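The chain contents come next:
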Number of protein chains: 2
Amino acid sequence: MSNLFLRTLREDPADAEVPSHKLLVRAGYVRRAAPGIYTWLPLGKIVLENVARVVREEMNAIGGQEVLLPALLPKEFYETTGRWEEYGDTLFRLKDRKGADYLLGPTHEELFTLLVKGEYSSYKDFPVVLYQIQEKFRDEARPRAGVLRGREFHMKDSYSFDTDDEGLQQSYDQHRAAYIRIFDRLGLDYVIVSATSGAMGGSASEEFLAVAPTGEDTFVRSTESDYAANVEAVRTPAPAEGSVEGLPEARVHHTPGTATIQTLVDFLNGAGLDRDFTEADTLKNVLVKTRAPGSKEWELLGIGLPGDREVDLKRLEAALEPTEVALLDDADFAANTFLAKGYIGPRALLDNKVRYLVDPRVATGTSWVTGADRTDHHVLDLVAGRDFTPDGTIDVAEVRDGDASPDGRGTLYTARGIEIGHIFQLGRKYTDAFKLDALGPDGKPRRVTMGSYGIGVSRAVASVVEQSHDDKGIVWPREIAPADVHVVGTGKGGEVEEALRIGGELEARGLRVLVDDRKAAPGVKFNDAELLGIPTVVIVGRGLKDGLVELRDRRTGERTDVPVGEIVESTVAACGG
Amino acid sequence: MSNLFLRTLREDPADAEVPSHKLLVRAGYVRRAAPGIYTWLPLGKIVLENVARVVREEMNAIGGQEVLLPALLPKEFYETTGRWEEYGDTLFRLKDRKGADYLLGPTHEELFTLLVKGEYSSYKDFPVVLYQIQEKFRDEARPRAGVLRGREFHMKDSYSFDTDDEGLQQSYDQHRAAYIRIFDRLGLDYVIVSATSGAMGGSASEEFLAVAPTGEDTFVRSTESDYAANVEAVRTPAPAEGSVEGLPEARVHHTPGTATIQTLVDFLNGAGLDRDFTEADTLKNVLVKTRAPGSKEWELLGIGLPGDREVDLKRLEAALEPTEVALLDDADFAANTFLAKGYIGPRALLDNKVRYLVDPRVATGTSWVTGADRTDHHVLDLVAGRDFTPDGTIDVAEVRDGDASPDGRGTLYTARGIEIGHIFQLGRKYTDAFKLDALGPDGKPRRVTMGSYGIGVSRAVASVVEQSHDDKGIVWPREIAPADVHVVGTGKGGEVEEALRIGGELEARGLRVLVDDRKAAPGVKFNDAELLGIPTVVIVGRGLKDGLVELRDRRTGERTDVPVGEIVESTVAACGG
């Protein structure tokens, strides 16, 4: 450490809010070069490489082949797929000296598709999985949290190419298993959540989220089981269909001034009826308009859901994708006079051929209070499947803490996470764009199908720190720690020399060792050892005159005095060797 | 190989002119993504990493500490040093979403200076050597020759920081020694040439040039010794000063129509004088104008050199740097009427206070035919040190094949090379710009002094191929080869299975093995083995039924039949294990 390019800081950087940002800067792992752009100092570079090594080993284990594509890419390929425009301001664009347009790669689907097209042509060539570990560039609107969300960052991106859907599923499953091994080895606490509604075909896309209160992504998980999902992907369990036999008949009530659910419930509970009402007894009908891809026409869509729930717009967009969705404006109400604002019911929608979808809770046999399509009027005991038949279900009501978990075990609660991995069955979007075919055994061309899979390597480093630190500093898992052992020599009676000697012996035993041989006060050295977070610490200090050195475990804080003659063996054992 | 993402090509790529470009593409090591921008395929990535590993090991051995800086850099730092403008069109410039200016790093002196300034402040902190291995970006006007001269390329750049000139010299010497070890390990044939005239203080800058007829750099080397230098750096040996005693007196001759050296020599040889003249007997005086940095005034400079030599403009610029130099125009002659075009002599220059510098060959005691400062007149037997005393010497005459080597051994000849490394004592240019000081033991700040050192990692790969190939393909040195052994199985009688078995055993012995288990004709496999260039080849083919396999050396072409039971030991031995 007397020569190491490292200066720890006592103060948190002024712009840092999250623990990983504060600690990685204070402990001298990274330095800011520009907004969202960081330099990795010597110890940080080692940690970054360690993460990359784990990723590389597991990618190789599933047959991934490592390549390296350029970061500077010509516009034309991204124009073919429309991403030159789609990326908007997030793409770094530039021109070369001849005025030709280039971009800095945010992800490389286009180039990999072309690469495979250039080399492979027969079904016998497939499947193939290619990957790279490389800097990526995205011009985030609000780069934040240090290397957790940078504008230049390190990423492993891989791409699978298969000739049929079963092959794609297999490549996807292999990646999923590899990602589990990778994040387990990194010591991360994470969940795997479906990233999409499943409307596109099961688990077409899943995200790996490192659980952290500082995460940007929200997800729900169960109190009792491993269930976890993006809010968009939560499937509400539908009650069993009930019989409509013997249910009271629907009847219209005059309910003046009850355009909101709350005023309606209050009115009904004060109306001297034979029962009490809650918001959950009412059926709220929300109108939006939708436009199919390529169409110019907007169409009305009615959504029926229990009155105690709001429509979650993120869930709605995900459920309808790729169809666009928008809220109604006054002109829409003016054009559709059958819409009695505040008193809309299923009847008018169905009579006027408005597509009408209901929450899964609005099952056949359930009975509702809902609008009577006339101002100041509602209908009671309107039964689904008897008095109206919706066009289908749509699962877009807000998910709440305390909702039953879809797997039937426990209830849901909201948590936050950091996206550290994403696996995605792309299908043929890119192979269609570039006409990547493989000649089948029958001599006919088949369109290749593709998956893309990413891991944020620099973000994984920060995520580990988010999860693994205390008030004194970082606590690295051994697999990616910058060293196995931190040997601290303190005092002027030969302790530093002894620390160097012990460090040398530990290195000879195959351990990675950092020796603090600086001229500094013991307190400074101890604080730095806590801050740096190397898992095993050996203190060669005051006890040396009695033949003792101290072995510390950074994570547990456990301290043991060990005779100096046994310290090498004890340390090797503590390091799991 | 049946799964390897590799397709070899039979034809050279249309745009390829040099061997490394042709062979790296044909053998499937790289693919072009855009002009001057390449993708590294699996085997190419391994070779690139192998070169990086050698570089890393030797940099670590001299105490270099590896860091990683971003590629995307803010304009401001490069504005401080003036390089934002100086780089001209070679710099890739771009704006972020907020309109702030950025560049893609061509080299990182600014950032490293700031990095050290951020961490270090005391003389005790120094010296320090930092390095990175990273993509660099330069918008070359004519990207050519594949990865030999790309626009996005891999480079190791390191920077030394010292508190005094002796320290800088030591850091420089350590880098020089490390570079020698690196290029030796890469098996390169290279020369080390002074990159500058030496006017700035000895070997302030040296280039490592891989000798190759396809190289872009010209240098001279000796027929008899290790001497090699950039043309700019060749020092002409000056003859010993002679006595002026007894030399004939200078006298003016009427030499009508002899404004050129050739017409002058012809005239003199036809004038019935008592001796013969050659061009080398004449003293030619060339006028240029110079402007010191920061000055607006141009000043005349006269250069006297033997009439058989031209002024080499590259040598002139290097000798005068940082002073600007330009040729005279008619206006200059009009303004200086004492300049008799075609008949200019030292006398008029010195009389009119024109700075007058001569070639080292114009030593005291040498006698010359030169202009008499009057049209149609020359002076004979004008003796340096007697009849005129120049203001000094300047070594800017062209260097010719056959010139004596400056080290006194052999003669010079011109060769071509590829710049693979450059070491440079920068001094305080950048530390002045950013005010990087270290507090000395006396408590006073000292300006830090700096060196910068580069190795073109991707270019080194291509340079190896330029030097190490034959008409069949690449011949890799083992240190950077994509594998140690290429085991080729040919035939349908179990040879492929046996190849896989042998390959497995060789791997168990610690060798890196590529097995050709493809369904392909033997000829295709043999050709690919030659093309790929792995140093040791094992052929499991026809001989297997007699219990024999063949061991081939790719470089020598030597072939040996080995009993199958001995092939593992023989191969390990052939691989130097």
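Rules of the game
Counting of residues starts from 1 at the beginning of each chain's written sequence and follows it residue by residue. All chains are assigned letters beginning at A, and all ligands numbers beginning at 1, according to the order in which they are written. Only residues with pLDDT of at least 70 are given local features in this predicted model, and only at 80 or more are side-chain atom pairs given and counted; all residues enter the totals for whole chains, interfaces and linings. Hydrogens and water molecules were not included; the side-chain quantities draw on all heavy atoms of the structure. UniProt positions are given in the numbering used here, feature names are shortened, and annotations may be inferred rather than shown by experiment. The helix and strand labels rest on DSSP assignments: H or I over at least four residues marks a helix, E over at least two residues marks a strand, and numbering proceeds from the N terminus. Note on contacts: a residue pair is in contact if any heavy atoms of the two residues lie within 4.5 Å. For every accessible area listed, the method is Shrake-Rupley and the probe measures 1.4 Å; residues are considered covered only by the protein chains on display. By nonpolar core we mean a set of buried residues, namely Ala, Val, Leu, Ile, Met, Phe, Trp, Tyr and Cys, connected to one another through side-chain atoms within 4.5 Å. The buried label goes to any residue with under 20% of its type's maximum accessible area, the exposed label to any with over 50%, and the partly exposed label to all in between, with areas taken from a 1.4 Å probe on protein chains only. When two parts are put together, the accessible area they lose, computed with a 1.4 Å probe and summed over both, is reported as buried area. We define a salt bridge as a side-chain nitrogen of Lys or Arg found within 4 Å of a carboxyl oxygen belonging to Asp or Glu. Identification of polar contacts relies on pairs of N or O atoms within 3.5 Å, with a donor-acceptor requirement for protein atoms, meaning one able to donate a hydrogen and the other able to accept it, and with residues adjacent in sequence counted only if both atoms are side-chain atoms. Three residue categories are used. Nonpolar comprises Ala, Val, Leu, Ile, Met, Phe, Trp, Tyr, Cys and Pro, charged comprises Asp, Glu, Lys and Arg, and polar comprises the others, including Gly. The domain limits used here are those given by an automatic or database domain assignment.

- By the naming in an unreviewed UniProt entry, chain A goes by Proline--tRNA ligase and is assigned to Nocardiopsis eucommiae.
- Looking at chain A in UniProt, the text filed under Catalytic activity (unreviewed entry) is "tRNA(Pro) + L-proline + ATP = L-prolyl-tRNA(Pro) + AMP + diphosphate".
- Of chain A, the UniProt comment under Sequence similarities (unreviewed entry) reads exactly: "Belongs to the class-II aminoacyl-tRNA synthetase family. ProS type 1 subfamily."

**Observations concerning the overall build of chain A**
- In terms of regular secondary structure, chain A is built from 15 helices and 31 strands.
- C-alpha extents for chain A along the principal axes are approximately 95 × 65 × 45 Å.
- Pairs at least 24 apart in sequence give 68% of the contacts found in chain A among residues at least 6 apart.
- With the model as given, the accessible surface of chain A reaches about 24,300 Å², and the carbon-plus-sulfur share is 48%.

**A look at the nonpolar core**
- Counting residues in hydrophobic clusters, the biggest one holds 76 residues, and the most contacted among them are A:F161 and B:F161.
- Apart from residues no more than four positions distant in its own chain, B:F161 is found in contact with B:F112, B:T113, B:V116, B:F126, B:P127, B:V128, B:L436, B:V448, B:T449 and B:M450.

**Overview of the UniProt feature "domain: YbaK/aminoacyl-tRNA synthetase-associated" (unreviewed entry) in chain A**
- Feature annotation in UniProt assigns "domain: YbaK/aminoacyl-tRNA synthetase-associated" (unreviewed entry) to the following positions: residues 255–380 of chain A.
- Counted over residues 255–380 of chain A, helix gives 23% and strand 28%. Its end C-alpha atoms are 11 Å apart.

**Section: the interface of chain B and chain A**
- Taken residue by residue, the interface counts 54 residues in chain B and 54 residues in chain A.
- Regarding the contact of chain B and chain A, the summed buried area is about 4,600 Å², with carbon and sulfur atoms giving 59% of it.
- Of all residues in chain B, B:F5, B:R97 and B:E119 bury the most surface against chain A, accounting for 18% of the area lost on that side.
- Inspection of the chain B/chain A interface yields 8 salt bridges.
- Close ionic contact of B:K45 with A:E66 constitutes a salt bridge, the shortest N to O distance being 3.4 Å.
- For the pair chain B and chain A, the number of links is 25 residue pairs in polar contact (both at pLDDT 80 or more).
- Class assignment of the residues belonging to the side of chain B that touches chain A gives a composition of 32 nonpolar, 5 polar and 17 charged.

**A few points about the domain arrangement of chain A**
- As far as domains go, chain A holds domain 1 (19–190 + 425–465), domain 2 (251–393) and domain 3 (483–574).
- Here the C-alpha centroids of domain 1 of chain A and domain 3 of chain A sit 40 Å apart.

**As for the environment of A:S205**
Residues and elements named next belong to chain A.
- Considering the arrangement of structural elements, one finds S205 in strand β10 (residues 205–211).
- For the pair S205 and E530, spaced 325 residues apart in the sequence, the C-alpha separation amounts to 39 Å.
- Polar contacts involving the side chain of S205 include one to the side chain of H422, which spans 2.8 Å.

**Focus on helix α1 (residues 19–26) of chain A**
Residues and elements named next belong to chain A.
- The element α1 is extensively covered by neighbouring structure, given that 6 of its 8 residues are classed as buried.
- For α1, the set of buried residues is S20, H21, L23, L24, V25 and R26.
- At its buried positions, α1 is contacted by β1 (30–34), β2 (37–40), α12 (457–467), β25 (469–470), β26 (473–474) and α14 (522–532).
- Following α1 by one or two positions, G28 has its phi on the positive side, about 75°.

**Observations concerning the environment of A:R235**
Residue and element names in this part refer to chain A.
- Within the secondary structure, R235 sits in the loop between β12 (228–230) and β13 (251–254).
- For R235, a relative accessible area of 34% gives the class partly exposed.
- A sequence separation of 215 residues divides R235 from M450, and the C-alpha atoms of the two residues are 27 Å apart.
- In terms of polar contacts, R235 uses its side chain to reach the side chain of D395, at 3.4 Å.

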